[in-house]
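# Structure assessment
Spelled out from the first residue to the last, the chains are:
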Amino acid sequence: MATEVLQVSPELHSAIQHIAERDGVEVETVLKEALRLYAESNPRDNVRSEVVANFQDSLEKNRELYRMLAQ
């Protein structure tokens, strides 16, 4: 796992520490959860698996219709 130093403003650092203390967890836990939520909600790179499954299902069920419409 790569380790990189992250610098944040004193205000953000204080807010993160407050959340960690309030929740009784380590600052690292708060940061990992924040990064996970950000990565999951970033629409540029992530498509929910159920959306992909529904799209593939639609392609299979309507393949002939799509072929006719494309002509």
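Everything below is about the structure printed above this text.
Keep in mind the model is a prediction, meaning the values are calculated, not measured. (Residues numbered from 1 in each chain as written. Predicted model: local features only at pLDDT ≥ 70, side-chain atom pairs only at ≥ 80, totals over all residues. Heavy atoms only, no water.)

Another point: the packing of helix α1 (residues 10-23) against helix α2 (residues 27-41). Two numbers describe how α1 lies on α2: the axes approach to 8 Å, and their chain directions differ by 105 degrees. As the angle between them shows, α1 and α2 are arranged roughly perpendicular. Between α1 and α2, the contacting residues are Ile16, Gln17, Ile19 and Ala20 on the first element and Val27, Val30 and Leu31 on the second. Residue composition of the contact of α1 with α2, by class: six nonpolar, one polar and no charged. (Axes fitted to C-alpha atoms, helices over the stretch in contact; angles between N-to-C directions. Helix = DSSP H or I, 4+ residues; strand = E, 2+ residues; numbered from the N terminus. Parallel < 35°, antiparallel > 145°, perpendicular 65-115°, else oblique. Contact = heavy atoms within 4.5 Å. Nonpolar A, V, L, I, M, F, W, Y, C, P; charged D, E, K, R; others polar.)

This part is about the pattern of salt bridges. Taken as a whole, this structure holds six salt bridges when the rule is applied. Note that glutamate 64 and arginine 67 form a salt bridge whose closest N and O atoms lie 2.3 Å from each other. Here the residue glutamate 64 and the residue arginine 67 both occupy positions in helix α4 (residues 63-70), the gap between them amounting to three residues, near one helical turn. Accessibility expressed as a relative area gives 43% for glutamate 64, which makes it partly exposed. Arginine 67 sits in the partly exposed class, given a relative accessible area of 42%. (Salt bridge = Lys/Arg side-chain N within 4 Å of Asp/Glu carboxyl O. Buried < 20%, exposed > 50% of the residue type's maximum accessible area, 1.4 Å probe, protein only.)

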